[in-house]
Amino acid sequence: MKMNTLVRLSTSIALLASVMAAPTVAFAQSGSRLCGWTAMVPNGQVIGLLYEARTADASYHKQCDEVISKMKSSIDKDPMMSKLQWSQVKRATCESVGKYFTSTAKPSEDMCDSMEAKNGYKVVKESAAVTTYTKL
């Protein structure tokens, strides 16, 4: 009985080791682009007000332009957020923006994997360990 348990345990450990040793491949979110705004916060955090748009939509360009405008208006109305230095994100790949939001909790640069298309999100990299996504 003990030998059988030992064999199962060693098989599980070997399987786990092979999975952990395998290289991870990042796949781009096909047809998704991000629109919105990002800002570096003085305490080292990164904040984003982002919308995942689909390039296949006929209104793709219009969606992005409208979202960028609405989000900028909201930023300007908020006394705290308006003090930050914001960078516009206009039809950027999920990975090009996502590299600023990677953390232990969210290691993938393809941030669209953590988002739902046609929705806005507040994304905050709180620390090297934590990134949160909040649907707006």
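A. Quick peek at the pairing of strand S5 (residues 131-135). With five bridges joining them, strand S4 (residues 120-125) and S5 adopt antiparallel strand pairing. Residue pairing in the sheet places Lys122 in a bridge with Thr134 of S5. Counting the residues between successive antiparallel strands, the hairpin from S4 to S5 contains five residues.

B. The nonpolar core, seen in detail. Grouped together as the largest cluster of nonpolar side chains are 16 residues, with contacts concentrated most on Trp37, Leu49, Met71, Ile75 and Trp86. At the level of elements, strand S1 (32-40), strand S2 (46-54) and helix H2 (60-77) are the ones that each hand at least two residues to this core. With residues near it in sequence (within four places) discarded, Leu49 still touches Cys35, Gly36, Trp37, Met71, Ile75, Met81, Trp86, Tyr121, Lys122 and Leu136. Within the second largest apolar cluster, 14 residues are counted, among which are Ala92, Val97, Phe101 and Tyr133.

C. Geometry of the state of the cysteines. Under the counting rule described, the total for this entry stands at two disulfides. Residue pairing for Cys35: its cysteine sulfur links by disulfide to Cys64, the two sulfurs lying 1.9 Å apart. Between Cys35 and Cys64, the disulfide has an S-S torsion of 60° and is therefore right-handed. With Cys35 in strand S1 and Cys64 in helix H2, this residue pair connects regions lying 29 residues apart in the sequence. Residue classification places Cys64 among the buried residues on the basis of a relative accessible area of 0%. Through a disulfide, Cys94 is tied to Cys112; the S-S separation comes to 1.9 Å. Around the S-S axis, the bridge from Cys94 to Cys112 shows a dihedral of about -75° and counts as left-handed. One end of the pair, Cys94, is in helix H3 (residues 94-98); the other, Cys112, is in the loop between H3 and S4, and 18 residues separate them in sequence. With relative accessibility at 1%, the residue Cys112 sits in the buried group.

D. Focus on the packing of aromatic side chains. Here the structure, examined in full by the defined rule, presents zero aromatic pairs. Above the plane of the ring of Trp37 lies Lys72, whose end atom (NZ or CZ) is 5.5 Å from the centre.

Definitions and limits used
Residues numbered from 1 in each chain as written. Predicted model: local features only at pLDDT ≥ 70, side-chain atom pairs only at ≥ 80, totals over all residues. Heavy atoms only, no water. Pairing = 2+ DSSP bridges. Helix = DSSP H or I, 4+ residues; strand = E, 2+ residues; numbered from the N terminus. Core = buried A, V, L, I, M, F, W, Y, C linked by side-chain atoms within 4.5 Å. Buried < 20%, exposed > 50% of the residue type's maximum accessible area, 1.4 Å probe, protein only. Contact = heavy atoms within 4.5 Å. Disulfide = S-S within 2.5 Å. Phe/Tyr/Trp six-rings, centres within 6.5 Å; stacked < 30°, edge-to-face > 60°. Lys NZ or Arg CZ within 6 Å of the ring centre and 35° of its normal.

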